[in-house]
Each structure stands twice: as structure tokens, then as C-alpha cells.
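# What the coordinates show
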There are 4 protein chains.
Amino acid sequence: MTKIAILGATGYTALELIKILLRHPDVEIVAVTSRQEGQPPVAMIHPSLTGRLDLCLEDLSPAEVAARAECVFSCLPHGASAQRIIHLLDTDTRVVDFSADYRLDDPEVFATWYNQKHADPDRLGKVVYGLPELFRDRIVDAPLVANPGCYPTGAILPLAPLLKEGMIQPQGIIVDAKSGVSGAGRTLKLTTHYPECNESVSAYALGRHRHTPEIDQILGTAAAAPVEVIFSPHLVPMDRGILTTTYSQPTADVSEEKVLQTLRDFYAEEPFVRVVDHLPGTKDSVGTNFCDITARVIRGRVLTVSCLDNLIKGASGAAVQNFNLMYGYSETTAL
Amino acid sequence: MTKIAILGATGYTALELIKILLRHPDVEIVAVTSRQEGQPPVAMIHPSLTGRLDLCLEDLSPAEVAARAECVFSCLPHGASAQRIIHLLDTDTRVVDFSADYRLDDPEVFATWYNQKHADPDRLGKVVYGLPELFRDRIVDAPLVANPGCYPTGAILPLAPLLKEGMIQPQGIIVDAKSGVSGAGRTLKLTTHYPECNESVSAYALGRHRHTPEIDQILGTAAAAPVEVIFSPHLVPMDRGILTTTYSQPTADVSEEKVLQTLRDFYAEEPFVRVVDHLPGTKDSVGTNFCDITARVIRGRVLTVSCLDNLIKGASGAAVQNFNLMYGYSETTAL
Amino acid sequence: MTKIAILGATGYTALELIKILLRHPDVEIVAVTSRQEGQPPVAMIHPSLTGRLDLCLEDLSPAEVAARAECVFSCLPHGASAQRIIHLLDTDTRVVDFSADYRLDDPEVFATWYNQKHADPDRLGKVVYGLPELFRDRIVDAPLVANPGCYPTGAILPLAPLLKEGMIQPQGIIVDAKSGVSGAGRTLKLTTHYPECNESVSAYALGRHRHTPEIDQILGTAAAAPVEVIFSPHLVPMDRGILTTTYSQPTADVSEEKVLQTLRDFYAEEPFVRVVDHLPGTKDSVGTNFCDITARVIRGRVLTVSCLDNLIKGASGAAVQNFNLMYGYSETTAL
Amino acid sequence: MTKIAILGATGYTALELIKILLRHPDVEIVAVTSRQEGQPPVAMIHPSLTGRLDLCLEDLSPAEVAARAECVFSCLPHGASAQRIIHLLDTDTRVVDFSADYRLDDPEVFATWYNQKHADPDRLGKVVYGLPELFRDRIVDAPLVANPGCYPTGAILPLAPLLKEGMIQPQGIIVDAKSGVSGAGRTLKLTTHYPECNESVSAYALGRHRHTPEIDQILGTAAAAPVEVIFSPHLVPMDRGILTTTYSQPTADVSEEKVLQTLRDFYAEEPFVRVVDHLPGTKDSVGTNFCDITARVIRGRVLTVSCLDNLIKGASGAAVQNFNLMYGYSETTAL
């Protein structure tokens, strides 16, 4: 039985995390924190938790959290997250960080994309990126895991194997992603006001989305070469799910079957990646920790299509997968 | 006053066409046909027309249609459409064809993509493609106008000016389109059954969609060079609207402002193309005959984003725009 | 040509009003006001108006408005609306008020339901309720018209004829209404944040909704007896449309056909009420100024079902219908 | 470990059932049948099951099913279901029937509402109605459980306690229900074609819905008096969830708090009924086996609002709850 605290428990990733952990036989949630909300029952903020989790939101210091919990999931925004994690890591507490604070290796890159100095620059480059399919070995013993962004997971899982195998060129990769609205969080904005975004598709943050350097970095590692993707996120009128279409150039003539076989081989033992022949829809994986992937070769380009639930495989499910690895539970427990 | 008949009036494009024509001061709808449905009032098939159009669906021969109407809008499926139009054109009747039958110049290309011999191959190559922004002059006197497909309109309007100016390379253009479900028509299919496609995004017909050769052909004309786009349509859970994101390589270093200015100049006089600086959403143009376009330059690639209503600028609105040109009415009447 | 100003032009009813007025051949929009937004182009706030209305939002005093416009549509919130209208009515300006300020006859009732003293209590009881189907004669010459609420229109149109005819009892009428989200306005709220209200139905303000006394008052007039409805509004995940189901007890045994015929007779000459035999869906009337009505008799109860577009027949379409009557234009112009 | 077969596995309730059973530690799914589909892998029909259930659909006789499985869940349509169940009950197999075949006690009532003679009339009146909150004791040993309809569950749970306590009158109860589209099943129909039902609310089958006599019967038992509800189902554009609003007359003056306390007391020990003070939305219970209930007293009427997931508490979750009771597992296992 592992005692768990959740920092920043008022948002959607925290809600999803709680729902998953309530199914986990070896976990006890001992604290849920919020900086703003007084101490209301968490079920008042998340009515779906009524009768399921009998805790109040508390504004706890890192020391207070560490005194109660063995493992902390931080659902705080970037910046705020690192400021707490620094102190937690001084104790024995292990941390899974949902924010972007520890995903990038280079403090300069962080400063450029996040418009702020990093609070803990010396640790960057030493924190494992929590994508078990690529970095499982390093996750097992990690004191801190940087849980991947939702878009990066959808882009990296289909592309990394092809780059590792040298099957596609690292230059000029296009990542056109279509996301449900929960990815934009629970903070009120006009763009996610129902009558504004319902029955509408839009592109946003073209070329400026903060997940860009994260995709570049991990794909660059896979390719052993610099990668700079053209990343275009789109907002789609649905609650959950990301479909990511990528376009890249093969390094040599390649058949569709060869691309698919490369993906199948790479993920043959993975419990949560399904390489499929058909074109998946996001609904096939929504509510699960699966990422569905397929590939096509069209007029000499390699296309991949991936689908995942942005709140599960793209956030809270991945976090529990990491947690299971860190604490020696079966990787699929509760997922 | 022009007398109009609508062939194949049970679908969504016909419904939208009727709604637009009911606002047109110089039009009288004299016949609505259907091959299958007996002779029910059209308002029984389209309840929104109750009290607005007091006609019954009839199964009329081309001769019967020509005896009543001066202008025919054919909303029949490909194949069936040409078979009727051949006979209509033997009379004085002028035709706007919503099907793909007369859009392609080459009967071989038609046969390849539509899996059938063309019924009227000799006319191919002589029929004007009904995109007023590119071919207005030829539309005015045309006996037959091939109304463009919805996806092609969304791809051609942003790309054609850039190809004409030699600003982007004709090779390797990617067209990633996101469409609402009405584009799939009114025929029942599992993929458009509500619980299947609601709350889900999916790619379909990758590399095989029949609008591909149409985009190739018109962009090829604009570029004065062969064009073979990589075209990826996606189904998005909303009724209407297409957002099209394109990716191409500039022929030389180019600024975002230069690309935008090229588009602004090209469409300066156009009543239905709005070149905007912000990133448009489909909701901005749904219910209208506008196509909204913008452009970005990201990491050396030229991106365009366009939005339109697939049933209006992508079908019935464009058809009425063509009709207005053909009959000397103000181009924007009823639109 | 009538010169028009719109007060409070940043919301959804104002946007819809502008779109309708842009189709009106005898209208010129001369001012659009907003108290908060600086003086941005209205198309910056409503991107769908790009290229269609070239005005900036201004913060104008009633005197400034009156100097420019002959007719004012006030889309301001209750309270704020009356405060401006008092001054406008001192000039020759005529006003259509979208707010609830002049709908109720009794300042006490207003104070009870709206938690504030009325700014113009002496005028209450003398302002016509802008439902042409019931009060057309009084609208024609009115200096001020109180445009009805969306829910009241959906409840009153089916019930008033049956009460007038003494066919149903005035006591114990149940009004169960289902509304799209645009009815909640453009102000950001957690309840209308996309991931909260999408894929969910909820009841709200049961027994406390401010449209209740308005329904009571108008139905009471129709019945010539006190009416106190049980009114239950529900929020449904769609942009627009209200479906209202009512339940009442007949005063004597009555057949379904008799109820339907009473409705048909009452609305025989009305251009915007369609009494239908089938069960209408909101989609049949969305985008139009129609209200569709039908009735059933089930186990001795009279049920009515009505559908309308809350932003058109429930707000801006009704307002233009009133305007047309006030200024002697054909009642259906632009609708 | 209990061996389970699922009859009629191509629909939405079967899919949901499979997903729940895959989480059940004491269950093995040994057969999934379909009458029509050849023998494709079940994951071909339900792509979300890819990699999760490695069975093919088979067309098995009752004897073949009984040879493999100890417990059978029948997701067949009414009529077809009883025809199989008759034979299964001749073996030791126990059955949970999702269809309406064994819910009604009276073959005449069945014949009237379902337009067919019952295939097994002698068994009617002896089969337990599978609502554990009312009939738990009889479910434990039952060879056959008639799993309740989704609408009846949403109507009965809030009303039965009030009728049992004599707090509301059994006459004139109104049940106004709003359901997501998955309740209409997976068979293609124009009414559930996406562009028809999206962005629209409609009433259907007013006074004729087949769940009416089922509600009457169970509430009649609770009231110990005849009950004839006025039942109005509505279709709402969302995948899942039913919100049911009921209206009834109290037998004597009663406070809201008294009504709520009666509900709280009745369900105090129930694991899946949450009596809440706030007005619940369907989203709070979607994806769970909970039914959320609240009550209001408005202008002398008692209103209740209940929410549940039509595919879980309204179908497959209830079925597993019944199964757990029948086989001695903890009632909440897998739920």
C-alpha cells in the first residue's frame, strides 16, 4: 500500500488521476491540495466523486505533504510545480510531475518557450522523461519522473521507432494534431466557452505551442540528429481524445507494410500501444490508457495516425503507469 | 424571374440550396425530383421546409424537367448526374452540376478514381470548373457548370494564388482537412451513426479520396506544372464546416507578411473570400458563403488555414453564386 | 430606411440581431455600443462579421444614441437596460428592449424575482409585451416594446390558445423546457465551460428561474385567471434551440384532434407559427423565426411540444418582427 | 471463476458489458454470439476491444452456449431473447436478460405493448425484476433475472420510496426523460444519423414508449395501487446519460427536506444510489454505475431529478450488479 498526495487537485487531470487511483488496490490517497479554494470537500469541486473520495482540499506546504505521502503527483501549472518539487525531493518523497517543468533538458530552451527562468535549472537533463515505451529502465528507480505532455505522446509514439530505424528523415516532419477541449484545462476562457468552440474546428498557437520543443527533444534523441517539427494543434468539439497525423519523408523507398511492421515489432511487448491496420478513431481509445497507431505511404510520403485519450495515456494514465513502474506494481494495475 | 428545377432533392445540399433560393427574389422553384421516394411533399422529407415550399417530389424525365425549368441544379450522385445532364443539354436548359461528373478534364482519370466509364467523355475538358474566384469569365456564358467539391474549394482557394505567383513549390503539398459530418451525406452509414462519430475524430480514405485528382488538376493549372497533393480528410464531430490546413515549401525565403499580402491582393475584389490575420474557426463562416483564409510561415514552411461551410461555399452557396453569374443577377444575391 | 442603434452589442443576441438586420433592405445600422470594450471594431469581437459590418463599438450616452438613431435595440442586461431606456424615451427614439425590465406589469413582482428596485416603476403595466401573435395591435404604435424571453415564448405560444378557449385548467401547468447553451449568454461561467456542459444534461434554477413570473403573467391574461406554472429549465449540449414540453389538465374530456385544431385555428394567419402533426425537433426551426407546435392527449393529460431558436424567435428574430410592425415594413422582412 | 457467454454481442450494451467484465477478477468470457455477422473477431466489430478480448463472434445454439457457460447475459432484442432463454433455463445455466421479455408480469400487457404473443407466458409473474435496490433478496437465488430498462431505472429509483411511504399520490405522475443517443441502439436509423440528431432535441414516442408499462408495474407495486404514468422520452445530442424529471402531487403538505430525507433514508445502505442536495448533471454519473437523485418541492408539487448512465446503471452495470448478487461476489466488484 502506497500513500499518495495529489497537488493541484481541482483540474481535469487530477480528477482523472483520482478516478484511476480509486481502482488501484495498492494505493491510498492521503491528501489533495489546492492553493485557492479554501478547504471544501473535493467532491464539491468534482461532483462525480461524491461518495467515492472523502477528503477535503487543503493548502499544504511541501513539508506537510511529505509527512503524509510517499509518492506525490503534481498537477500544478509549470513554474509552480518545480517550486514545490524542489522541496519534496529533499525528503524521501518521490514525484510524478504533470507539468512541463522537468521535461526539457536545457534551461535556455525552457526560458525561451515558457517566458520564465527555471527554478531548478541544475536538475534539468537528469530527469527521466516518463514515457515507459522509450525510457522504462530509467523510470523504475527515478525519484522524479517528468510525465509527458499529451501532444508529445501522440507525436512521439508513432515517429520515434521510424526515426530510430532511420526509416524517415529527421528534417521537415509535420505534426498536425486534433485535440478535444479538455486538453485546454478547466480555467475559463472565451475559446473554450461552449457556444464559441462547439460546432467549430480551429487551429491555434501555430508554430508557438509549448509542446514543440518537447517533441523536438525526444524525437531528436530517437533520431540521434536534430529534429524541428512543424507542429499544428487544432481544437475539435469533443471532450477528450487526440488524433495526430504526421507527414515525413522516407530516407529510401519504403512500403506501407514495412513501416507497419517496424511499428509492430517495436511495440510487440508493449501493453498500451496497439499498432492497427485500420484507421483508428479517437473513440476507440478514449477512456483507456491505449495509444492506437497506424501508418500509410502515400505518394512517397510516410503518414502516421495515432489516437489516445489526452487525459489518460496523455496524462493521468501515463502517470499511474509510471507510478506502477516506480513502486514495483504490475505496470497495468488500475489501467 | 428564372424557373428552377432541383434534381435529387432529398439530400443535404439540396435542402441548403432550397433554403438559399427561397431568399432569392428572382427565382421560382418549379420542380424538385427524387428517384425513389414516391411523390411526398418535400416538407415531409425536410421538415424544416414546412410552410416554406409547397412542392411534391416527382420522378421526372429530363424532358419533363426541361419543359418546366430554365435552369437545373443537379444534386444527383456522380454517374447518375451525367446521364441526366446529357439530355438536358440537348435542350436550352442550363445546368449547375453538384456531382463530380464534369469536374475532371480527363476521362481516364475519372475512370481510375470513380471506378466507372464516363457517360459523356467527349464533353470533359470543355466544362468550366465553377469556382468564380478563378474562372468567373467562363462561367457567365456556360451552358453547364461543374460545381466544385467542398474539400477542393477549401484547398484551392488558399493555394492557387501562391502557386500562380510561384511562391510555393508545386511538389509535396500536404492538405490536411477536417470536415463536419454533413459532408458525408444523408445516406445511413455506421461511420455517421451518431454514437459512432460523436465525440471522435478519425482520418478516412487517406490517399484515396476522390477529391484528390480534382485538387491536383486545378492547382496544376494554377501552377502551370503537375501537382500531386497528399490529401488527408478527417471527420470531426460537428454538423458543418471544413478547416483545411496546408503545408508547402516556399520556392525562396518568404515572409509571413508577404504570403498574406499575396493572398490579400489576389482576393481584394472578391465578395466571398476574406483574408484574415487571425486564425479563423469554422464557426466564423458556417451559415455563410464566405471562405476565410490566413497563412503562416513556420520553420521555413508555408502554412495556410482556410475555413468554409461545406454545404454553402462548398456546395449550394457556390452553386447559387454560379447561377447568379450565369443569369446576370448580382453575384451576391441571396448569399 | 430606418437608422438603428444596438446597445450592448458584444453578446449573442446582438450578433444574431446584426446578422438579421444586414439582410433587411430598409435598415441602416448606425451605432453599436458597449460599456466595456474600448472602441474595437465589432468584427474583432464577432469574427463572423468580418467584412460585413464596418463599425466600431462605442460607449455612447443615450443622448448620443438618440442623435444618430431612430430605433434602438437594447441588448443590455436587466437593470442597465431600463436606466438607458428612460432617457431614450424622452426623445423621439423608439425602443425594442431585449431585457426583462419592461416585461412584468408589477414592480413588486419585478423586485421579488430580480432582487432590485425597478428604475422606472411607473411605466410598468403600460408597455406592450412584444409577442405579435398575441399583441400585434398594440405593438404597431408602441414607443417601447418589451421583447419576450426565450423560454416564455416557447411556453406561451402553445398554451395561450388552449387557456383562452378554456380547454385546459389554469392550475398546475407544468413547463419542462430544454435549452441550448447560447441561452446562457456569452459571459464565462463554469457551467457553460465546454468540458463541463458538453455531453451532459442538467436541470437548473428549478422553481427559481426569472422567466417564471413572465410566463405566469401572460398566461394569466390569456386565461383571465391566475396562473402559476411549475417551470423547469434544462441545459442541453447544443448551441441553439429550445424544446418545451407542457403538461396540463383538460377542463373536460377532449380529443387530440380537437386540441390540434384549436391551435391550427388560432395560428392560421400567423407567418411564424407552424402547427404540425408530427413531433418537431429543434433543428427544424433553428436558424429561422418559426415556432413549431404540436399537441398530444395522453392518459387524460394535454401535452404540448414547441420548438424555436432561442436567439431568433426567442430573441432577435422576434425583435425584428416587432420592429417591422412598428415601422410599417412587411412583418416578415429579413426573417 | 464463473464462465460467461454473451448473446447478441454486436450492440452497445454488449460492448459496455464486455468492458466491465474485463475488469472483473472472477469472470471468464467464453463465448460471444451473433446471429448475423459470420465469425469475425469481436474486436473487428468493436475496435475498442482490440488486444483486450480475443474471441470471435459465433452463431451458437442454446445447447452449445449452455455447454460452455455457467451464466448467460442475453443482449438479444425482445422476442428473440425469450426464445433462447426458454432453452437455456432447461439446463443449469442462469441468465440475465437485457430484453423486456421477462419484465412484465402479464402476457396480455406484453402483447399490447410489444405487438406479439409472448413465447413463454407461463413464466411471467415469476421472474424477478433485477433492480437490487428493490428486489435484492429475490435476485440472489434467481435462475433468471429480468434486467430493467434504462428509462424505468431512472424513473423508479426516485419515485418508489416516495410511493412506498405514501408521500405522493399514485395518480397523474409525469415522467419527463432526456436520453443520450446510445439508448437508441446501434441499428442505423435516420433519427440517429449524426446530422439529423446532432444539435437538436426532440420528443418521441409520447405516450407510446414500451417502457411505460414497466414503470407502471413496478411503481404500482411500490404504491400498492395502480399507477399510470405520463411518460415523455426525449432524445438529446450526447452519447450517454439519462436525466429524468418527475412531477407528482404530495398526499399532504410536505417540505423539500422531508422528501430528501425520505430518499436518503431509503438508500442509506445502497452502494450505487447517491441522494444529493445539488441538481446533478448526467456527466456526474456517466461512466459509472451510480444513480444520482435529488428532489424539490415547487408550488406544491414534488419534483425529482435523477441521472444515470443508460449503458451502465441503465443496462450493463446493473446486469453485473445482479450477476455479483447471483454468484455471491461482492456486489460492487468491477463496478
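Not measured: the values here are computed from a predicted model. (Residues numbered from 1 in each chain as written. Chains lettered and ligands numbered in written order. Predicted model: local features only at pLDDT ≥ 70, side-chain atom pairs only at ≥ 80, totals over all residues.)

Before going further, it helps to examine the overall build of chain A. Of the regular secondary structure elements, chain A holds eleven helices and 14 strands. In terms of C-alpha radius of gyration, chain A reaches 19 Å, essentially the compact-globule figure of 20 Å for 335 residues. Along the longest, intermediate and shortest principal axes, the C-alpha atoms of chain A span 60 × 45 × 40 Å. Counting the 335 residues in chain A, one finds 59% classified as buried. The long-range share in chain A, meaning contacts at least 24 apart out of those at least 6 apart in sequence, stands at 68%. (Helix = DSSP H or I, 4+ residues; strand = E, 2+ residues; numbered from the N terminus. Rg over C-alpha atoms; globule rule 2.2 N^0.38 Å. Buried ≥ 20, exposed ≤ 12 C-beta atoms within 10 Å, placed from the backbone. Contact = placed C-beta atoms within 7 Å.)

Laying chain A over chain B is done by rotating through 180° and shifting 0.0 Å along the axis; what remains is an RMSD of 0.0 Å. The transformation just described matches what one would write down for a two-fold rotation axis. An overlap of 100% is found between the interface residues of chain A and their copies at the interface of chain B, pointing to a shared contact surface. (Least-squares fit on C-alpha atoms with pLDDT ≥ 70 in both.)

Once that is clear, we can look at the interface of chain D and chain A. One frequently used descriptor of interface size is the decrease in accessible area upon assembly of the parts. Of the residues lining the interface, ten residues belong to chain D; the matching set on chain A comes to ten residues. Residues that form the side of chain D that touches chain A fall into these classes: three nonpolar, four polar and three charged. (Nonpolar A, V, L, I, M, F, W, Y, C, P; charged D, E, K, R; others polar.)

This paragraph deals with the environment of A:Ala318. Residues and elements named next belong to chain A. Along the chain, Ala318 turns up in helix H11 (residues 312-327). The class of Ala318 is buried, set by 28 C-beta atoms lying within 10 Å. Separated by 187 residues in sequence, Ala318 and Leu131 place their C-alpha atoms 7.5 Å apart. Not counting the four nearest positions on each side in its chain, Ala318 is found in contact with Gly130, Asn147, Pro148, Thr153 and Lys313.

A few words now on the relation of the copies chain D and chain A. Mapping chain D onto chain A calls for a screw motion: a turn of 180° about the axis and a shift of 0.0 Å along it, with 0.0 Å RMSD after fitting. Looking at chain D, 100% of its interface residues are interface residues in chain A too, so the copies touch through the same face.

The next thing to look at is unusual backbone geometry. The residue B:Glu199 is not glycine, and still its phi comes out positive at about 55°. Looking at the secondary structure, you find B:Glu199 in the loop between helix H8 (194-197) and strand E9 (202-203).

As a further point, take the sheet that holds strand E3 (residues 57-58) of chain B. Residue and element names in this part refer to chain B. Ordered in space as E3-E2-E1-E4-E5-E7-E6, the seven strands form an open sheet in which the pairing is parallel. Only two strands of the sheet have a single partner each, and these edge strands are E3 and strand E6 (128-129). Pairing of strand E2 (residues 27-33) with E3 involves two bridges; the strand directions are parallel. Residue pairing for E3: Thr33 is matched across the bridge by Glu58. Where helix H11 (residues 312-327) meets the sheet, it contacts strand E1 (2-7), strand E4 (71-74), strand E5 (94-97) and strand E7 (144-146), and its direction lies at approximately 160° from that of E5. (Pairing = 2+ DSSP bridges. Axes fitted to C-alpha atoms, helices over the stretch in contact; angles between N-to-C directions.)

Helix-helix packing: each pair is described by the crossing angle between the helix axes and the interaxial distance. All names here are of chain C. The contact between helix H6 (residues 132-140) and helix H11 (residues 312-327) brings their axes to 9 Å, and the two run at 35°. By crossing handedness, the relation of H6 to H11 is classed as right-handed. Across from Pro132, Arg136, Ile139 and Val140 in H6, the residues of H11 making contact are Gln321, Asn322, Leu325 and Met326. By residue class, the composition of the contact of H6 with H11 is five nonpolar, two polar and one charged. (Left-handed = near helix turned anticlockwise from the far one by under 90°.)

Our next topic: the interface of chain A and chain B. Between chain A and chain B, the residue contacts involve 33 residues of the former and 33 residues of the latter. Contributions of two or more residues to the side of chain A that touches chain B are made by strand E8 (174-179), strand E9 (202-203), strand E10 (230-235), strand E11 (242-248), strand E13 (291-298) and strand E14 (301-308) of chain A. Grouping the amino acids of the side of chain A that touches chain B by side-chain chemistry returns 15 nonpolar, nine polar and nine charged.

Next up on the list: the pairing of E4(B). Residues and elements named next belong to chain B. Examined bridge by bridge, E1 and E4 share four bridges and lie parallel to one another. Paired with Ala5 across the strands is Val72, a residue of E4. Here four bridges tie E4 to E5, and the two strands are oriented parallel to one another. In the strand pairing of E5, Cys71 is matched with Arg94. Crossover E4 to E5 through helix H4 (residues 80-89) is right-handed. (Right-handed = clockwise from strand over helix to strand, strands pointing away.)

Okay, the domain arrangement of chain A next. Residues and elements named next belong to chain A. We note that the domain assignment places domain 1 (2-148 + 314-327) and domain 2 (150-310) within chain A. Computed from C-alpha coordinates alone, the two centres of domain 1 and domain 2 are separated by 24 Å. The interface of domain 1 with domain 2 comprises 20 residues on the first partner and 24 residues on the second. Elements supplying a minimum of two residues to the side of domain 1 that touches domain 2: helix H5 (107-114), helix H6 (132-140) and H11. Broken down by element, the residue count for the side of domain 1 that touches domain 2 peaks at five residues, all from H11. Residues that form the side of domain 1 that touches domain 2 fall into these classes: twelve nonpolar, five polar and three charged. (Domains from an automatic or database assignment.)

All names here are of chain D. The strand order E9-E10-E8-E11-E14-E13-E12 describes an open sheet built from seven strands, whose pairing is mixed. Every other strand in the sheet has two partners, leaving strand E9 (202-203) and strand E12 (273-275) as the edge strands with one partner each. Of the strand pairs in this sheet, strand E8 (residues 174-179) and strand E11 (residues 242-248) are connected by six bridges, and their pairing is antiparallel. Its bridge partner being in E11, Ala177 is matched across the sheet by Thr244.

Another aspect to go through is the pairing of E1(B). All names here are of chain B. Bridge count between E1 and E2: five bridges; the pairing is parallel. Bridging from a neighbouring strand, Ile4 pairs with Ile29 of E2. With respect to chirality, the unit in which E1 leads through helix H1 (residues 12-22) into the neighbouring parallel E2 is right-handed.

Counting residues in hydrophobic clusters, the biggest one holds 430 residues, and the most contacted among them are A:Ile6, A:Leu219, B:Ile6, B:Leu219, C:Ile6, D:Ile6 and D:Leu219. In this view, A:Leu219 contacts A:Ile156, A:Leu159, A:Ala160, A:Leu163, A:Val227 and A:Val229; residues no more than four positions away in its chain are not counted. (Core = buried A, V, L, I, M, F, W, Y, C linked by C-beta atoms within 7 Å.)

Turning to the environment of D:Asp253, a few remarks are in order. Tracing the sequence through the fold places D:Asp253 in the loop between E11 and helix H10 (256-266). As for D:Asp253 and D:Arg301, which are separated by 48 residues in sequence, their C-alpha atoms are 9.5 Å apart.

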